[in-house]
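Listed below, chain by chain, are the residues.
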Amino acid sequence: MEVLNMEVKAKNSWELLLEQLVPKLDNRNGFMPLRPMRIPSLAEAEAAPKALINDDEFETYQGLQPWDRLSVQISIPQNFYQRLLQGEELVSRYELEDTKISLNEQKFRKLLLFAGNDFLGLSRHPAIAKATAKAVAEHGTGPRGSPLICGYTDYHIALELSLAKLKKKEACLLCPTGFSANMAVMVALGSLAPMLSAGKRPTNEEKLAVFSDALNHASIVDGLKLAERHGGIQYFVYKHCDMAHLDSLLTNCKNKRKVVVTDSVFSMDGDFAPMVDLARLRKKHGFLFVLDDAHGTFVWGKNGGGVAEEFNCEYDVDISIGTLSKAAASLGGFITCSKIWRQFIQSRGRSFIFSTIAPVPLVAASYASVVVARNEPWRRMEVRKRMQQFQDLTGIPITSQILSVIVGSLEKLFKASQVLLEEGFFVVPVGPPAVPPNTGRLRITLTAAHTEEDIKRLVAILSDYVNFKVTTDYRSRFQARL
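Residues numbered from 1 in each chain as written. Predicted model: local features only at pLDDT ≥ 70, side-chain atom pairs only at ≥ 80, totals over all residues. Heavy atoms only, no water.

For the protein chain, the helix and strand inventory stands at 18 helices and 13 strands. Residues counted as buried form 55% of the 482 residues belonging to the protein chain. Of all intrachain contacts in the protein chain linking residues separated by at least 6 positions in sequence, the fraction that spans at least 24 positions is 81%. With the model as given, the accessible surface of the protein chain reaches about 21700 Å², and the carbon-plus-sulfur share is 54%. (Helix = DSSP H or I, 4+ residues; strand = E, 2+ residues; numbered from the N terminus. Buried < 20%, exposed > 50% of the residue type's maximum accessible area, 1.4 Å probe, protein only. Contact = heavy atoms within 4.5 Å. Areas by Shrake-Rupley, 256 points an atom, 1.4 Å probe, with all protein chains shown as cover.)

This part covers the environment of Cys 253. Along the chain, the position of Cys 253 falls in the loop between α10 (243-252) and β6 (258-263). Each C-alpha atom of the pair Cys 253 and Phe 236 lies 9.8 Å from the other, and the pair is 17 residues apart in sequence. Leaving out residues up to four positions away in the same chain, Cys 253 has contacts with Ala 209, Phe 211 and Lys 258.

What follows covers the sheet that holds β6. Hydrogen bonds between backbone groups are what pair the strands of a sheet, and the pairing can be parallel or antiparallel. With mixed pairing, seven strands are arranged side by side in an open sheet as β3-β9-β8-β7-β6-β4-β5. The outermost strands of the open sheet, each flanked by one partner alone, are β3 (171-175) and β5 (233-238). Within this sheet the neighbouring strands show an average axis-to-axis angle of 20°, counted without direction. Relative to strand β7 (residues 288-292), β6 runs parallel, the two sharing five bridges. Its bridge partner lying in β7, Val 261 is registered against Val 290. Running over the sheet, helix α11 (residues 275-285) touches β5, β6 and β7 and is turned about 160° from β7. (Pairing = 2+ DSSP bridges. Axes fitted to C-alpha atoms, helices over the stretch in contact; angles between N-to-C directions.)

To continue, consider helix α16 (residues 378-394). End to end, α16 covers 24 Å across 17 residues, agreeing with the expected 24 Å (1.5 Å per residue, within 8%). Listed as buried for α16 are Trp 378, Arg 379, Arg 380, Glu 382, Val 383, Arg 386, Met 387, Gln 389, Phe 390 and Thr 394. The elements touched by buried residues of α16 are α2 (66-69), α15 (360-375), β10 (402-408), β13 (440-445) and α18 (452-462). Just downstream of α16, Gly 395 is the residue with a positive phi angle, here 85°. (Expected span 1.5 Å × (residues − 1).)

Within the secondary structure, Ser 320 is located in strand β8 (residues 319-323). Excluding residues that lie within four positions of it along the chain, Ser 320 makes contacts with Lys 167, Leu 291, Asp 293, Phe 334, Ile 335 and Thr 336.

Turning our attention to the pairing of β3. Burial runs high along β3: five of the five residues are buried. The pairing of β3 with strand β9 (residues 333-337) spans five bridges and is classified as antiparallel. Residue pairing in the sheet places Cys 172 in a bridge with Thr 336 of β9.

With that out of the way, let us pick up the sheet that holds strand β12 (residues 428-430). If you trace the three strands from one edge of the open sheet to the other, you get β10-β13-β12, paired in antiparallel fashion. Every other strand in the sheet has two partners, leaving β10 and β12 as the edge strands with one partner each. Across the sheet, the mean angle from the axis of one strand to that of its neighbour is 30°, orientation sign disregarded. Looking at chain direction, β10 and β13 are connected through six bridges and run antiparallel. By the bridge assignment for β13, Leu 403 is matched with Ile 444.

Evaluation of the coordinates by the stated rule reveals 16 salt bridges. Between Asp 454 and Arg 69 there is a salt bridge whose closest N-O contact spans 2.5 Å. Of this pair, Asp 454 sits in helix α18 while Arg 69 sits in helix α2, placing them 385 residues apart in sequence. Between Glu 160 and Arg 342 there is a salt bridge, with the nearest N and O atoms lying 3.3 Å from each other. Remark: Arg 342 occurs in helix α13 (residues 339-348) and Glu 160 occurs in helix α6 (residues 154-167); sequence separation between them is 182 residues. Residue Arg 342 is classed as partly exposed on the basis of its relative accessible area, which comes to 22%. (Salt bridge = Lys/Arg side-chain N within 4 Å of Asp/Glu carboxyl O.)

All right, on to the nonpolar core then. Core analysis: the largest hydrophobic core is formed by 91 residues, its most contacted members being Phe 298, Phe 390 and Ile 444. Ranked by the residues each element gives to this core, the list is headed by α15, at ten residues. Those residues in contact with Ile 444 that lie beyond four places of it in its chain are Phe 114, Phe 390, Gln 401, Ile 402, Leu 403, Val 405, Val 427, Leu 458 and Leu 462. In this structure, Leu 17, Leu 21, Leu 189 and Ile 335 belong to the second largest nonpolar core, which totals 40 residues. (Core = buried A, V, L, I, M, F, W, Y, C linked by side-chain atoms within 4.5 Å.)

Moving on, we get to unusual backbone geometry. Here Pro 432 and Pro 433 are connected by a cis peptide whose omega angle stands at 5°. Here Pro 433 is to be found in the loop between β12 and β13. In this model, Cys 241 sits at a positive phi of 55°, which is unusual for a non-glycine residue. By the secondary structure assignment, Cys 241 is in the loop between β5 and α10. Unusually for a residue other than glycine, Asn 438 sits at a positive phi of about 65°. Relative to the assigned elements, Asn 438 resides in the loop between β12 and β13. Judged by relative accessible area, Asn 438 falls into the exposed class, the value being 57%.

In structure tokens form, the structure reads like this:
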């Protein structure tokens, strides 16, 4: 009971703080209200408008369909294909020369994609395409503007409500991209201390202390740097997924208010943040827990609610940030949180305030993706099957749909990448300086649209360059980004 009360107290302390600050925004004319509006369709003639979206309209399917395979099939220009084979992709002058050649004059090479983020294979789903086309036909691109001016329509509201429900949060705020969503949260957090200090520059102890995993996404890193520059935070980098180090930093920190921010699934190696341990530390220290669930949303959890749902930690996360650009196969970002946090972020998150919101057809596509992902849970199971098949064939412990296969030297990495291309696979090699010398790797993403045969063919090629029988630490050795 004591632990539970501590959790409630920690959570309420942040809510109570915001209840003090939001009225201050009112007094300064700094509160930025959303301006909702309904947009009529060309054919709408009824006196009373019909329901905007009916979830029953979206036809769903059981099992892989022919169009799903199209989500992992690409074609690249022959001249670009040759550059990849010759290791000349990173030479700038070739790209300039490409602009002189019309695409209509190009020949193309077909490849199987193992590098994309369409984890559920939704990009070619007919229900999503139909929803997008319907929105275009009825509304064009919709009103174009900031959500604080004229761009916030009933389509956007419907999508926000569906995402808030998925994440078990009170509210949601749509952003143009996942990058801008993280930036908005970090910058908004950075404005807390200056507001509380009543116009004075906050002391170091009055600033928010933000603790960030060493391998967090660039959007978090850039947001923290900007917030620090504005004088609102001090940030500390803890060793990747090292809870003992984080606990020590939190214990020795003198700042009154603390925030911990982490990716849920890390984008290079695909390892999970230690969610259960983070929830335990939150109870101990009372920090605000911010989770970037870009690679986890729709893929993990019984209902696709993400990594927090997968580890039964949904109510331990205060702010959950996500993207519609990966498993949802659309474009955009979102922030799910309490209603008071949303009001604060929409008023202080500059990357939200000064950006045009997503056009109506794209929002309609995203909403359809939420419905399809919910109603076709077999897609999440297919991702897990591909993971298990890869692990069974290689012996590499696979934790998520993203994995890095360490090849070794740059020469060996180039050769492996070259053979994969020749055999029809598009896999991205990652070498120095992004990783330390002799740890060159292939970043591979597994999707619901891949088949067991795809995995077998891929592993057969890789086995010529990687001794899968040797146990290797496949965790990334990247240096801290901050």
